[in-house]
Structure formats: C-alpha cells, structure tokens
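So the chains spell out like this:
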Amino acid sequence: QSQEQSEAQVDYHAALQALVENGTRMVCTGRMHTDRICRFESLCYSTEAEEFVYFHSNSSVMLPNLGSRRFQPALLDLSSVEDHNTQYFNFVELPAAALKFMPKPVFVPDVALIANRFNPDNLMHVFHDDLLPIYYTMQQFSDLDLEARLFFMEGWSEGVHFDLYKLLSNKQPLLREELKTLGRLLCFTKSYVGLSKITTWYQYGFVQPQGPKANILVSGNEIRQFTKFMMQKLNISLEESSSEEYIVVFSRTINRLILNEAELILALAQEFQMKTISVSLEEHSFSDIVRLISNASMLVSMHGAQLVMSLFLPRGATVVELFPYAINPEHYTPYKTLATLPGMDLHYIAWQNTAREDTVTYPDRPWDQGGIAHLDKAEQERIIKSTEVPRHLCCRNPEWLFRAYQDTKVNIPSLIHVIRQTVKSKPGPRKQKWSGSLYPGKVRDAKCQASVQGTSEAKLSVSWQIPWNLRYLKVREVKYEVWIQEQGENTYMPYILSHQNHTFSENIKPFTIYLVWIRCIFNKNLLGPFADVLLCST
Ligand code: UDP
C-alpha cells in the first residue's frame, strides 16, 4: 500500500509541477462565441469563487487570444441555446506562480465535457438542448468517449430526467454543487468546454418570436443514430417483425388536458381499426414509453414537451399535435419542425380547437400556470375576448400562458376529418426501403464547338460526360441543366436536357463569347454542382 501511495504522490507531484510549469493550454474551434468549443489542458475551477481559472506560464496557450473581446460578451456559450446571456462561459486569469499561495489543486483525471443544461425539467429542452448536443459534441472529439465525464455547471439539481443524462457516458455526471465536495481548487487534466449546436432545429423566441432555426443542419439520419444509441442503452430492442399495429395517445395529467380522452381513444380505435393505448410521463416509465412509441403507427398528443418523443417513432408513422383554443399551430412548431426534418419520414398533422365552448380556462391559477388575475381588468378582458394569441417573445407572455394551459374537449369528427386528409388508408410504418437521396457529382469533360453561318447565324454544340458517381448508382431519372449566358450579361437561357450533348441555335449570335454552365439532376430535385464554366466563342 505504501508503494501505491508513493506512486500516487509522485503522480500528484508530477501533475502539480506540470501545472506550475506549463500553465493552462486552450485551443478552440469557431470564429464567434456562438459557435465555439474549446479544448483545455489544465483548466482549473475554484469552487469557492465559482470561477474557472486560467493559469499563465511560459508554456501556456490561449487561442483565440481575444484580449478584452473575451468579455464582449463572452468566450463561448456553455449551453446549446444561442447567445443566451445566462449561459456564457469565461475564466479569470492568474500567473501560475500564484498556485503557491492557493489551495492545493485536486486533479480530475477523466476527460471532461463541461457544459450547461438549459432546462432539465422539460423533456423538449432535455433532448433538443442537452442530450442531442452532448451526444454529437462527444462524436466530434474522439477523446470524449464513454469514459469521459460530464460536468453540468448550470447549477440545477439533478432534475426528473437525470437518468437520461447518465446514459451518455459510463461515469456519473457531476453537478456544480457537487464540485465543492471534491476540493477548493479543481484542475481538469483534459477538458472540452461548450456544446455543438449543429443538431438544434428550434429557437425559443428570446429575440424574435419562436420558430425553426434559420439554417437547420441536421437530418432524420443523425436523429435516428442518436435514438438508436439511447435505445441500446435503455435495453430496448427494435422489434423488426412487430406483430400488431397501434396508436399511442400521449396524455398530460396535470394541465393542458384532453377532457374527453376516453372518447378520443375509442374513436381513434374505431376509425383506424387499431388498438389505441394511452401513456403519460406520470404513469409510465420512460423506457416503457420509448418501447411503445418506437413501434407505433400514430402518436396523438396535446402540444407540449412530451411530443419530443416523436424522435423515437418509426419511419412512416404519423404525429398528430392538438392545439388548444386561440393558439395558432403555425406559430409554435418545435414538433412539426422535428417531424418534417428531411429523412425523418414522419407525417405531421396539426389540429386546433376552434370552438370556444370546448375550452376550459384557468384565469385564477398562478401566473406561471396561465393565471391572469394579476393583470388589470381591461387587459384580462382583452385576453378573454381574443381569438388568437398574437406572436410574442419568450417566456412570460400572460396571454400565451393563459391559452397554453387551457384544457380541451376535442371535437372528434373535426379531428378525424383532419387526420383523414393525410392518412388515407391505414396509418403507419410501412416498412420503407432506404430512399436516401444522393446528389450527382459534376459532369466531366465538358466541351463546346461553335460554327458560324453567314453574318447573323451561329450554332453552339456542347457535350459532356456523366458524373463520376453515376456509374455506381441506380437512378430513376438523370437530366442535365445547361445555362447559356452571353459574356457580360446578367441573364441566361436555361435548358433541361436528357442527353449528354446538344446543339444550340436559338439566340446564338456569331462572334460572341458565351459562358456555358452545366449540372446534373437526379430524380427531378437532386441538383448537383455546376462544372467549371465553359468559355465558348462563336
Ligand atoms: N408535463 C407532463 N404532464 C403534464 C404537464 C407537464 O408530463 O400534465 C411535462 C411536460 O411534458 C414537460 C414538463 O412536464 O416535460 C414541463 O411542462 P410545461 O407545461 O412546463 O412545458 P411544455 O410542455 O409546455 O413545454
């Protein structure tokens, strides 16, 4: 044992000496604080000051070296929510020599991913802001493997969905509060700080009303690679030969209720001749819900965070989202955006209650459950009379909360009618073949030849070879698009052609230079890149 102890001591002294001599080293990706992730060696954290500490020495590195721009507004976003001023990361700087006067550092040997969870009590936020971004940040950096440890710095307690966070690595995630018990000065041997935003599809309305992100970069394929991982960790096998088809009604039991749920379940079962089951977060385990949803033909639910579980639906399934009175489905689309991501292959249907007599409001509840009793009388009356919540910013708009927390008696014929407009026969996961869309490469060896007839007529013959990848693919329809542009002009003549050569004679003038742009198109809408422009003189 004394042998072990002395080795540990040697290691400790070596680590401390390395910290004093090398200081902190930081190299980041990203040009802006909103797209930055940093890798650190020897980043420290003072649990007393609740600040990260960067130690300067002769060997320390800080890239980007921003000077005071590091505070304008911050080095990076610690959560995946873009530029939120409660989620910024920074550190304070000290010379490594100051370590002599500081508490003895405690070294964290695991590779660490340091980040903030945004709202760990809300399932939509858990998946969209935390789990998917953490999973793909770990995929981005190879030393963030299953032996890495997650550090959540937002300061919340575990929250009701902590078991889901635990699936992402073999080590127990640590919360900010727990760091105090480890020591006064913690030094992370190797750490990554910040989360990838590449998988997020929704912005919650902090600066403009909520809606899909402007530039969505994720497809159903990446979502399903993630859900496959989660299901393996939950020990849920995908039943390939699912015997029975069924519909899942995902209910809420505390608020935003479906008041005639039994009637709804019966009607769905009758209409689609399918077993219809109801689940809720209060009455079912998370694994049971995933197991059921991952084989369902249709998921029906009130608007709300539980609908993020459509992530687990099989391809071909249908999502039916129910909206309470006065809530325009087009203004609240986190789940529609998810269901309609390219490659999710889900059908999405929104139904809205348009009958005032079918809604039950709760004006006397606390404001955060949609109560409006705290507002002045005129404002209360305006809200009660209004037939649609105007667009608004997050997160405390009383009219939105009032309408969002209504209960609804679903008008069954109107709902069935809306579903039937999309689901003609039986809903459900047709076992689809992978219909991944592959794009053509550039056309090759493009050439042109001109001929002039007299002083006013000319012809341009253009030919090219198929894109290189086409010979390895089965493509239903291959077409070519050719643009002919007179040099110096802003306009061009477009043509869609089926063959690999064509002679153009309309509008071709003699003694003129033309630019010829050619690209290949698969199956009408898969547009390839243009080949290098051809310069053709008649
Ligand atoms: N929730 C639930 N049953 C309820 C009400 C809420 O399971 O009756 C869950 C909901 O899915 C979410 C969390 O509790 O994960 C917070 O719900 P809230 O109404 O605040 O958010 P929203 O669903 O509108 O996003």
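Residues numbered from 1 in each chain as written. Predicted model: local features only at pLDDT ≥ 70, side-chain atom pairs only at ≥ 80, totals over all residues. Heavy atoms only, no water.

> Got a minute to help me understand the overall build of the protein in this structure?
Counting secondary structure elements, the protein contains 11 helices and 28 strands. Dimensions of the protein along its principal axes, counting C-alpha atoms only, are 95 × 70 × 55 Å. Per-residue burial for the protein yields a buried fraction of 49% across its 538 residues. If you sum the accessible surface of the protein, you get close to 26,700 Å²; carbon and sulfur atoms cover 50% of it. (Helix = DSSP H or I, 4+ residues; strand = E, 2+ residues; numbered from the N terminus. Buried < 20%, exposed > 50% of the residue type's maximum accessible area, 1.4 Å probe, protein only. Areas by Shrake-Rupley, 256 points an atom, 1.4 Å probe, with all protein chains shown as cover.)

> Looking at this structure, I do not really get the sheet that holds strand β15 (residues 275-279). What am I missing?
What holds strands together in a sheet is hydrogen bonding between their backbones, with the strands either parallel or antiparallel. The parallel open sheet is built from 5 strands, whose spatial order is β15-β14-β16-β17-β18. In the strand order of this sheet, the two ends are held by β15 and β18 (347-352), each with one partner. Between one strand axis and the next, the sheet turns through 20° on average, direction left out of account. Bridge count between strand β14 (residues 246-250) and β15: 5 bridges; the pairing is parallel. Note that in β15 the partner of Tyr 246 across the bridge is Lys 275. Running at roughly 140° to β14, helix α7 (residues 286-293) makes contact with β14, β15 and β16 (298-302) of the sheet. (Pairing = 2+ DSSP bridges. Axes fitted to C-alpha atoms, helices over the stretch in contact; angles between N-to-C directions. Contact = heavy atoms within 4.5 Å.)

> Could you clarify how one ought to interpret helix α5 (residues 220-233) in this entry?
Count 3.6 residues to each turn of an α-helix, and residues three or four apart come out pointing the same way. Compared with the 20 Å implied by 1.5 Å per residue over 14 residues, the 20 Å span of α5 between its first and last C-alpha is a close match. Contacts made by the buried residues of α5 are with α2 (123-140), α3 (162-166), α7 and α8 (334-339). Asn 235, located one to two residues past α5, shows a positive phi value of around 60°. (Expected span 1.5 Å × (residues − 1).)

> Honestly, the pairing of strand β28 (residues 534-537) in this entry has me stumped. Any pointers?
For a regular strand, the rule is simple: side chains alternate between the two faces of the sheet. What you see with β28 is a clean split: Leu 534 and Cys 536 sit on the buried side and Leu 535 and Ser 537 on the side with no burial. Pairing analysis gives 4 bridges linking strand β26 (residues 513-522) to β28, with the strands arranged antiparallel. Of the residues in β28, the one forming a bridge with Ile 513 is Ser 537.

> Looking at this model, I keep getting lost on the sheet that holds strand β25 (residues 501-504). Mind explaining?
The sheet built from 3 strands is open, its strands ordered β21-β22-β25 with antiparallel pairing. One side of each edge strand has no neighbouring strand; the edge strands of this open sheet are β21 (444-453) and β25. When the angles between neighbouring strand axes are averaged without regard to direction, this sheet yields 15°. Across 8 bridges, β21 lies against strand β22 (residues 457-465) in antiparallel orientation. Residue pairing across strands places Ala 450 opposite Leu 460, the latter belonging to β22.

> Would you take a moment to explain the site of the ligand for this structure?
Taken together, 14 residues are adjacent to the ligand, and Arg 252, Ile 254, Glu 282, Ala 305 and Tyr 405 come closest. In the model, an oxygen atom of the ligand is placed 2.7 Å from a nitrogen or oxygen of the Arg 252 side chain. One of the side-chain nitrogen or oxygen atoms of Tyr 405 is found 2.9 Å away from an oxygen atom of the ligand. Taken together, the residues of the shell around the ligand break down into 5 nonpolar, 5 polar and 4 charged. (Near = heavy atom within 4 Å. Polar contact = N/O pair within 3.5 Å; in protein donor to acceptor, adjacent residues only side chain to side chain. Nonpolar A, V, L, I, M, F, W, Y, C, P; charged D, E, K, R; others polar.)

> Mind showing me how you'd approach the state of the cysteines here?
A covalent bond between the sulfur atoms of two cysteines is referred to as a disulfide. Per the stated rule, a full pass over the model turns up 4 disulfides. Note on cysteine connectivity: Cys 44 is disulfide-linked to Cys 187, with sulfurs 2.1 Å apart. Residues Cys 44 and Cys 187 are joined by a disulfide whose S-S torsion is about 105°; by sign, that bridge is right-handed. Of the two residues, Cys 44 sits in strand β2 (residues 37-46) while Cys 187 sits in strand β11 (residues 185-193), which places them 143 residues apart along the sequence. Across this residue pair, the class does not change: Cys 44 and Cys 187 are buried. The residue that forms a disulfide with Cys 448 is Cys 536, at a sulfur-sulfur distance of 2.1 Å. Between Cys 448 and Cys 536, the S-S torsion sits near -110°, and that sign places the bridge as left-handed. Here Cys 448 is found in strand β21, whereas its partner Cys 536 is found in strand β28, with 88 residues between them in sequence. Under the relative-accessibility criterion, Cys 448 is labelled partly exposed at 26%. The class for Cys 536 is buried, based on a relative accessible area of 2%. (Disulfide = S-S within 2.5 Å.)

> Would you mind going over the pattern of salt bridges with me for this structure?
Opposite charge on two side chains permits them to pair, given that their charged atoms come into close proximity. Evaluation of the coordinates by the stated rule reveals 27 salt bridges. Among the ionic pairs, Arg 117 bridges to Glu 154, the shortest N-O distance being 2.9 Å. Linking Arg 117 in the loop between β8 (105-115) and α2 with Glu 154 in the loop between β9 (149-152) and α3, this pair joins segments that are 37 residues apart in sequence. Accessibility assignment for this pair places Arg 117 and Glu 154 in one class, buried. Here Glu 379 makes a salt bridge to Arg 382, at a shortest N to O gap of 3.1 Å. Here Glu 379 and its partner Arg 382 are both found in helix α9 (residues 377-385), 3 residues apart, which amounts to about one turn of the helix. For Glu 379, a relative accessible area of 27% puts it in the partly exposed group. Taken together, the shared-partner salt bridges connect Arg 39, Glu 41, Asp 143 and Lys 190 into one network. (Salt bridge = Lys/Arg side-chain N within 4 Å of Asp/Glu carboxyl O.)

> Where do I start with the nonpolar core in this structure?
Ranked by size, the top nonpolar core spans 74 residues in total, and within it Phe 127, Met 309 and Phe 312 carry the most contacts. Take this core: its biggest share by element is 10 residues, from α2. Once residues within four sequence positions are removed from consideration, Phe 127 is found in contact with Leu 132, Pro 133, Leu 164, Phe 226, Phe 286, Val 308, Met 309, Leu 311 and Phe 312. (Core = buried A, V, L, I, M, F, W, Y, C linked by side-chain atoms within 4.5 Å.)

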